[in-house]
4 protein chains.
Amino acid sequence: MTDFADLVDGYQRFRTSDWRRQHDRWEKLKVGQEPRVMVIACSDSRVEPAQIFDTLPGEMFVVRNVANLVPPFETGGGYHGVSAAVEFAVTQLKVGEIVVLGHGQCGGCKAALAGTFDKAERGQGGFISDWVHLLDGARESVAKDHADLKSEEAREAMEQAAVRTSIENLRTFPFVRDAEAAGDLEIRGAVFAIDDGILRVMDEDGGFTPAQPRAD
Amino acid sequence: MTDFADLVDGYQRFRTSDWRRQHDRWEKLKVGQEPRVMVIACSDSRVEPAQIFDTLPGEMFVVRNVANLVPPFETGGGYHGVSAAVEFAVTQLKVGEIVVLGHGQCGGCKAALAGTFDKAERGQGGFISDWVHLLDGARESVAKDHADLKSEEAREAMEQAAVRTSIENLRTFPFVRDAEAAGDLEIRGAVFAIDDGILRVMDEDGGFTPAQPRAD
Amino acid sequence: MTDFADLVDGYQRFRTSDWRRQHDRWEKLKVGQEPRVMVIACSDSRVEPAQIFDTLPGEMFVVRNVANLVPPFETGGGYHGVSAAVEFAVTQLKVGEIVVLGHGQCGGCKAALAGTFDKAERGQGGFISDWVHLLDGARESVAKDHADLKSEEAREAMEQAAVRTSIENLRTFPFVRDAEAAGDLEIRGAVFAIDDGILRVMDEDGGFTPAQPRAD
Amino acid sequence: MTDFADLVDGYQRFRTSDWRRQHDRWEKLKVGQEPRVMVIACSDSRVEPAQIFDTLPGEMFVVRNVANLVPPFETGGGYHGVSAAVEFAVTQLKVGEIVVLGHGQCGGCKAALAGTFDKAERGQGGFISDWVHLLDGARESVAKDHADLKSEEAREAMEQAAVRTSIENLRTFPFVRDAEAAGDLEIRGAVFAIDDGILRVMDEDGGFTPAQPRAD
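Counting from 1, residues in each chain are numbered in the order their sequence is written. The lettering of chains begins at A and the numbering of ligands begins at 1, in the order of writing. Totals for whole chains, interfaces and linings use all residues, but because this is a predicted model, local features are given only for residues with pLDDT of at least 70 and pairs of side-chain atoms are given and counted only at 80 or more. The side-chain figures draw on all heavy atoms in the structure; neither hydrogens nor water molecules are used.

An unreviewed UniProt entry annotates chain A as Carbonic anhydrase of Sphingomonas aerolata. UniProt positions are given in the numbering used here, feature names are shortened, and annotations may be inferred rather than shown by experiment. The record held by UniProt for chain A lists under Sequence similarities (unreviewed entry) the comment "Belongs to the beta-class carbonic anhydrase family."

Now the structure itself:
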């Protein structure tokens, strides 16, 4: 099982390969980052955007949290980690795309659907419960269409609904709406299904279809 | 410049390489994740834990936000994304280690140190400002030791102080303290300096020294 | 510039990544190899089959020499390195495919076409000259179609002719012919053009067309 | 099992990753190759130098044949594939190092030690037999020290002796000797043991010890 010593082994590999060999790329990165894409993904260890998308250092500005959620725009106080990251990406880095990446077998979506931690205290699931309340609307919409919330179909519908929810919430941020309206920003959704390893991309109607290879 | 079409290209590579070739590993991952390590890292595109640590899918449960911050334990309402992820990792996945990974050239730390967005409105840096107020204490401690807050030394001190702050805040969570006391959880800090590509690991006194190769 | 110390660095990476992580694969490889494909490629440093084809250890039995040449079947004495490898692959390992991989900018093909070392002594190109005499027939056929042997077109034609020559020579080996006739062996040709990075695959008429992605 | 269609899949990955991303490196390689190292390795599918040494395109000029053999300098006719490659590497590319890479579980060494194909006809092992006669001297020296030629110890001794034999034969080439004497060329030996995944490097006395990480 991987532990910190293994991570340090991995760092030694990074040192003598990517760091040393990609000298020109790192020389540019030392000066500053200029990613064109922001990715909002789940913390799940199986859904590492750099692995699923096979990217290089410098290519994606990445937020990861339980269930790839974006809270809605709020003017009140408190710590708004995702909002800060979105503000940084859109207004400072001026990324051209935001990708919300959901995934199959998502523990957060499952907990939201089942209400697993609904009355749990903090330290026993209470934080998770509060966080996935962001998916209350998604849950309702899934419940309308699926009698059995424990079915595979309901779970998949919930994972897609979570992506749509985060995208809707992104659009509650005035600066996001402005950038989109100005044609400076595109928002995309996708779900990586762990079951079959397929990435499904959201179309304009909010449906999801398997990603296709680029035509040559 | 990398855009979503490039990410889909990368996914096509993932499909015909890791997904197809690591069939046994993915068969296990389909059933569920069992990462032993949680990593809390910055959203910065240059500090991708999977690249710096050269890991495989399934090895790290990852939170990423601006400046790799952990807010302190709070019992009040609101959306506590990092707290939810820590609760999920420690009480549900029962990870054995949490690594807070800071980095050089951190825009969030720089903004905290300079107070760049101190009076900015939401959408002009206000969210960032609120978020990096988590580093107020760190900033004070750095200011004590460094007359020139714009110096390289102050910047580096701030990046290390941010890691220490997140670790202190982790320890305000009762379930984190309990797991540590029971010997079930270790908390580690590290900073990846983009300037020289070196990973510095926090020692018991909160100082940082370059990671060493494992003795054979 | 890469030297042996760099190769040993690379081996250290291999040790802590592929060797350690692909335990199951290497456990099988320890018992013996069972490659299904033999590749005959040039020694040129830019045309590494494992990189062009992105393979894993155990997948290809590989011969590499100047200009990816196969001498014809001979019953006389002497050291027949390529013949020994083909015999080993076809009769002992029972590979199902042999791929002759040519490439653009091939120094050996260029020397054959220009007769660069035609009268050179051993140690000044004499060995190269003798070796690329295997391409005398190819040169003639190219000379028929190309007035200017120094043209790009002639060079490319020669690189393709070299692949066809090796395939013809492969078919002078009775055990190769037998395996092909029995449907146990397929022989394929391809050329990797360094200029545009495109792999062209030989069709049944000996022409070459860009490799196409597999239909899903 | 990997077949040609899988190799073409791998090429599609190469196209959208290394080829596209390492534009600067490939722009240089298009002009010509300048490897500093020549590697002479076995055709065995498990001992791919680019994987064991984790190299990039352009770094190694590679010869591969059964049992990583170099025939001695000969002035007679015939096709001398290895000699041509050595001549090309040393006199045209002016490499600074030649590495002979042997390996454990070597089928060619085993056949040489056991005389497996000693009286086989061509097509039934005759080519292999002729080729591994290059190891007759190595076999004799192993037989002196090992009563049981089927023992693990004898096999390992043979694999090391094969490397020493190739190195001795390299030194029968006048232009190799000259380059070595002038300090322009170093010759090294190593054996990759498939059993334990360890690379052992030849010292000045012809003994082999595990490769050590570079001191920082």
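After that view, the rundown keeps rolling.
Participant: Explain the overall build of chain A to me, please; I cannot follow it from the model alone.
Facilitator: Looking only at helices and strands, chain A features nine helices and six strands. The burial tally for chain A puts 60% of its 216 residues in the buried class. Between two residues, a contact is recorded if the distance between any of their heavy atoms is within 4.5 Å. In chain A, the proportion of contacts linking residues at least 24 apart, taken out of those at least 6 apart, comes to 63%. Surface summary for chain A: the accessible area is close to 8,600 Å², and the carbon and sulfur share equals 46%. When charges are counted, Lys and Arg contribute as positive and Asp and Glu as negative, whereas His and the chain ends are disregarded. Where a charge lies is defined by one atom per residue type: Lys uses NZ, Arg uses CZ, Asp uses CG and Glu uses CD. The positive charge centre, built from 24 side chains, and the negative charge centre, built from 36, are 4 Å apart in chain A. Only runs of H or I of at least four residues qualify as helices and only runs of E of at least two qualify as strands under DSSP, and these elements are numbered from the N terminus. Only protein chains enter the accessibility calculation, which uses a 1.4 Å probe. A residue is then buried if its area is under 20% of the maximum for its type, exposed if over 50%, and partly exposed in between. Where accessible areas are quoted, they stem from the Shrake-Rupley method and a 1.4 Å probe; at the residue level, only the protein chains shown are allowed to cover.

Participant: Would you take a moment to explain empty space enclosed by the protein for this structure?
Facilitator: The gaps left among the atoms become clear once a water-sized probe is rolled over them. Lining residues are those with an atom within 4 Å of a point, where the points come from a 1 Å grid over the protein atoms alone and group into cavities, where a 1.4 Å probe fits but cannot get out, or pockets, open sets with protein on both sides within 12 Å along at least five of seven lines. Grid points are joined across faces, edges and corners, and a volume is the space filled by probe spheres set on the points. On inspection of all chains with the given rule, the structure shows five cavities of 30 Å³ or more. The computed volume of the second largest cavity comes to approximately 210 Å³. The wall of the second largest cavity is formed by 21 residues, among which Gly-81 and Val-82 of chain A together with Gly-81, Val-82 and Trp-131 of chain B lie closest to the centre. Mapped onto the lining of the second largest cavity, the elements with two or more residues apiece are β2 (60-65) and α4 (81-93) of chain A together with β2 (60-65) and α4 (81-93) of chain B. Broken down by element, the residue count for the lining of the second largest cavity peaks at four residues, all from α4 of chain B. Of the residues contributing to the lining of the second largest cavity, the split by class is eleven nonpolar, eight polar and two charged. Basically, the charged four are Asp, Glu, Lys and Arg, the nonpolar ten are Ala, Val, Leu, Ile, Met, Phe, Trp, Tyr, Cys and Pro, and anything else, Gly included, counts as polar.

Participant: Looking at this structure, how should I read the pattern of salt bridges?
Facilitator: It is possible for side chains bearing opposite charge to pair when their charged atoms get close. Whenever Lys or Arg places a side-chain nitrogen within 4 Å of a carboxyl oxygen from Asp or Glu, that contact is recorded as a salt bridge. Counted under the stated rule, the structure contains 66 salt bridges over all chains. Two residues, Asp-9 of chain D and Arg-20 of chain B, come together in a salt bridge whose shortest N-O distance is 2.7 Å. With Asp-9 of chain D in helix α1 (residues 4-21) and Arg-20 of chain B in helix α1 (residues 4-21), this pair bridges two chains. A residue is classified by how much of its surface remains accessible, and Asp-9 of chain D, at 6% relative accessible area, is buried.

Participant: What exactly am I supposed to notice about the packing of helix α1 (residues 4-21) of chain A against helix α2 (residues 23-31) of chain A here?
Facilitator: A pair of packed helices is characterised by two quantities: the angle between their axes and the separation of those axes. All names here are of chain A. Angles here are taken between N-to-C directions and fall from 0 to 180 degrees, while the axes themselves are lines fitted to C-alpha atoms, restricted in helices to the stretch in contact. For the pair α1 and α2, the least separation of the axes is 5 Å and the interaxial angle reads 80°. Of the possible angle classes, the one that applies to α1 and α2 is roughly perpendicular. For the pair α1 and α2, contact is made by Phe-14, Asp-18, Trp-19, Arg-20 and Arg-21 and by His-23, Arg-25, Trp-26 and Lys-30, respectively. Considered class by class, the residues forming the contact of α1 with α2 number three nonpolar, one polar and five charged. Any angle between 65 and 115 degrees counts as roughly perpendicular, while under 35 counts as roughly parallel, over 145 as roughly antiparallel, and the rest as oblique.

Participant: Help me understand the relation of the copies chain A and chain B, please; the structure alone is not making it clear to me.
Facilitator: One copy of the chain maps onto the second through a rotation around an axis plus a translation along that axis. The fit set for superposing copies consists of C-alpha atoms from residues with pLDDT of at least 70 in both; the fit itself is least squares. With an RMSD of 0.0 Å, the fit of chain A onto chain B corresponds to turning through 180° and sliding 0.0 Å along the axis. Taken together, the rotation and translation relating the two chain copies correspond to the operation of a two-fold axis. Distance from the rotation axis, computed per C-alpha, reaches its smallest value in chain A at Arg-64 of chain A: 2.4 Å. With an isologous cut-off of 70% or more, the 100% of interface residues of chain A that recur at the interface of chain B puts this contact in the isologous class.

Participant: Mind showing me how you'd approach the UniProt feature "binding site: Zn(2+)" (unreviewed entry) in chain A here?
Facilitator: Residues and elements named next belong to chain A. Summarizing the sequence annotation, UniProt attributes the feature "binding site: Zn(2+)" (unreviewed entry) to Cys-42, Asp-44, His-103 and Cys-106 in the numbering used throughout. Look at the named residues: they lie 65 residues apart in sequence, but the longest C-alpha span between them is just 8.8 Å, so in the fold they bunch up. In this fold, His-103 is placed in strand β3 (residues 97-103). Exposure remark for His-103: the relative accessible area of 1% places this residue in the buried category. Setting aside its immediate chain neighbours within four residues, His-103 contacts Cys-42, Asp-44, Val-47, Asn-68, Glu-159, Val-191, Phe-192 and Ile-194. For Cys-106, the location among the structural elements is in the loop between β3 and α5 (107-114). Those residues in contact with Cys-106, other than ones at most four positions away along the chain, are Cys-42, Ala-67 and Glu-159.

Participant: I would appreciate a short explanation of the domain arrangement of chain A in the present structure.
Facilitator: Accessible area lost upon the coming together of the parts serves often as the stated size of an interface. Domains assigned within chain A are domain 1 (1-32) and domain 2 (35-210). Each domain's extent is set by a domain assignment, obtained either automatically or from a database. On a C-alpha basis, the centroid separation for the pair domain 1 of chain A and domain 2 of chain A is 29 Å.

Participant: What's the story with the interface of chain A and chain B in this structure? I'm lost.
Facilitator: The interface is formed by 96 residues belonging to chain A together with 96 residues belonging to chain B. Using a 1.4 Å probe, buried area is obtained as the accessible area two parts lose upon being combined, added over both of them. Of the roughly 8,200 Å² buried between chain A and chain B on both sides combined, carbon and sulfur atoms contribute 61%. By the criterion of area lost to chain B, the three top residues of chain A are Phe-4, Tyr-79 and Phe-127 of chain A, representing 10% of everything that side buries. Counting across the interface, chain A meets chain B through two salt bridges. Close ionic contact of Arg-13 of chain B with Asp-54 of chain A constitutes a salt bridge, the shortest N to O distance being 2.5 Å. Any pair of nitrogen or oxygen atoms within 3.5 Å is treated as a polar contact; in protein, a donor-acceptor pairing is required on top of that, and neighbouring residues in sequence qualify only through side-chain atoms on both sides. At the surface where chain A touches chain B, the tally comes to 45 residue pairs in polar contact (both at pLDDT 80 or more).

Participant: I would appreciate a short explanation of unusual backbone geometry in the present structure.
Facilitator: Backbone geometry follows two general trends: most residues other than glycine have a negative phi, and most peptide bonds adopt the trans configuration. All names here are of chain B. Located in the positive-phi region is Asp-54, a residue other than glycine, with phi close to 45°. Following the sequence through the fold, Asp-54 ends up in the loop between α3 (49-52) and β2. For Asp-54, a relative accessible area of 26% corresponds to the partly exposed category. Of note in the backbone geometry, Asn-68 takes a positive phi value of approximately 45° without being a glycine.

Participant: I would appreciate a short explanation of the environment of Ala-179 of chain D in the present structure.
Facilitator: Residues and elements named next belong to chain D. Turning to its location among the elements, Ala-179 is positioned in helix α9 (residues 174-181). Here the alpha-carbon distance between Ala-179 and Leu-56, two residues 123 residues apart in the chain, equals 26 Å. Those residues in contact with Ala-179, other than ones at most four positions away along the chain, are Val-90, Asp-184 and Leu-185.

Participant: Teacher, can you tell me more about the interface of chain C and chain B here?
Facilitator: Taken together, the contacts link nine residues of chain C with nine residues of chain B. Counting each side, the surface lost to burial between chain C and chain B is near 720 Å², with a carbon and sulfur contribution of 27%. When the area that chain C buries against chain B is broken down by residue, the three leading residues are Arg-21, Gln-22 and Leu-56 of chain C, summing to 55%. Inspection of the region where chain C meets chain B yields two salt bridges. Between Glu-59 of chain C and Arg-21 of chain B there is a salt bridge whose closest N-O contact spans 3.9 Å. Between chain C and chain B we count three residue pairs in polar contact (both at pLDDT 80 or more) in total. For the side of chain C that touches chain B, the residue count by class is one nonpolar, two polar and six charged.

Participant: What's the story with the relation of the copies chain C and chain B in this structure? I'm lost.
Facilitator: Placing chain C over chain B gives an RMSD of 0.0 Å and needs a rotation angle of 180°, together with 0.0 Å of translation along the axis. Mapped onto chain B, 100% of the interface residues of chain C again fall at the interface, so both copies present the same surface.

Participant: I tried to follow the environment of Asp-148 of chain D on my own but got confused; where do I start?
Facilitator: For Asp-148 of chain D, the position within the fold is in the loop between α7 (136-145) and α8 (152-170). There is a polar contact of 2.8 Å between the side chain of Asp-148 of chain D and the backbone nitrogen of Lys-150 of chain D.

Participant: Looking at this structure, how should I read the side chain of Arg-46 of chain D?
Facilitator: Mapped onto the secondary structure, Arg-46 of chain D falls in the loop between β1 (37-42) and α3 (49-52). Reaching out from Arg-46 of chain D, the side chain makes a polar contact with the backbone oxygen of Gln-105 of chain D at a distance of 3.3 Å. Look past the residues within four positions of Arg-46 of chain D in its chain and what remains in contact with it is Trp-26, Leu-29, Lys-30, Gly-32, Gln-33 and Gly-58 of chain C together with Ile-52, His-103, Gln-105, Phe-192 and Ile-194 of chain D.

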